[in-house]
Amino acid sequence: MSFQAYLDNIETKTGRTPRELVEEAHAKGFDEKTKATPIVEWLAADYGLGRGHAMALVHVITKGPQISEKHVGTDGTHSDLTNVLWLDGRATNPNP
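Counting restarts for each chain, with residues numbered from 1 along the sequence as it is written. Residue-level local features of this predicted model are given only where pLDDT is at least 70; pairs of side-chain atoms are given and counted only at 80 or more, and the full residue set underlies all totals for whole chains, interfaces and linings. Calculation of side-chain values draws on the structure's entire complement of heavy atoms; hydrogens and water are dropped beforehand.

1. What about the overall build of the protein?
Then, in step 1: A count of helices and strands for the protein gives four helices and zero strands.
Then, in step 2: For the purposes of this entry, the term helix denotes a DSSP run of H or I that reaches at least four residues, the term strand denotes a run of E that reaches at least two, and both are numbered from the N terminus. Of the regular secondary structure in the protein, the N- to C-terminal order runs α-α-α-α.
Then, in step 3: Expected size for 96 residues packed as a compact globule is a radius of gyration near 12 Å; at 13 Å, the protein falls within 12% of this value.
Then, in step 4: Taking the principal axes of the C-alpha coordinates as reference, the protein spans close to 35 × 25 × 20 Å. Between the two quantities, the radius of gyration covers C-alpha atoms and the globule rule is 2.2 Å times the number of residues to the power 0.38.

2. Considerations on the environment of V72
Then, in step 1: Summarising the element assignment, V72 is placed in the segment after α4 (51–63).
Then, in step 2: A C-alpha to C-alpha distance of 20 Å links V72 and D88, two positions 16 residues apart in sequence.

3. Points about the nonpolar core
Then, in step 1: Counting 21 residues, the largest nonpolar core has L7, L57 and I61 as its most contacted members.
Then, in step 2: Going through the elements one at a time, α1 (3–14), α2 (18–27), α3 (36–47) and α4 are the ones with two or more residues in this core.
Then, in step 3: Among the elements that take part in this core, α4 stands out by supplying six residues, more than any other.
Then, in step 4: For this analysis, residues touch if any pair of their heavy atoms sits within 4.5 Å. Ignoring any residue separated from it by four or fewer positions in sequence, one finds I61 in contact with V22, A25, H26, F30, D31, E32, I39 and W42. As used here, the term nonpolar core means buried Ala, Val, Leu, Ile, Met, Phe, Trp, Tyr and Cys residues forming a set that is joined through side-chain atoms within 4.5 Å. Relative accessibility under 20% of the residue-type maximum defines a buried residue, over 50% an exposed one, and the middle range a partly exposed one, all with a 1.4 Å probe and only protein chains included.

4. Overview of the packing of aromatic side chains
Then, in step 1: Two rings from Phe, Tyr or Trp (for Trp, the six-membered ring) form a pair when their centres sit within 6.5 Å of each other. Planes less than 30 degrees apart are called stacked, planes more than 60 degrees apart edge-to-face, and all others tilted. Under the defined criterion, the tally for this structure stands at two aromatic pairs.
Then, in step 2: Judged by centre distance (5.7 Å) and plane angle (50 degrees), the rings of F30 and W42 are tilted. With F30 in the loop between α2 and α3 and W42 in helix α3, this residue pair connects regions lying 12 residues apart in the sequence.
Then, in step 3: A relative accessible area of 7% places W42 in the buried class.
Then, in step 4: An angle of 85 degrees between the planes, with centres 6.0 Å apart, marks the rings of W42 and Y47 as edge-to-face.
Then, in step 5: Each residue in the set F30, W42 and Y47 is aromatic and connected to the rest through ring pairs, giving one cluster.

Here it is in structure tokens:
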């Protein structure tokens, strides 16, 4: 599953866009200095997200939407179209 697909699935599971969840995380005090465990615990408790989905959001919360170009444009199952993740909802993604 691509990184973007994880974020799209999170939106389906929670009814909230990744950007909304990032904003909520920041309002709770989670930022680039926060370790993964408290964020994963919050996402599990409040939204029922498993570790894989939560870790995708941990990356965005702590590092922003930029990802490594390692899988961009590859043929593998983890291939993303771009190295910047779309956070504003799958319906408005210009790179569907």
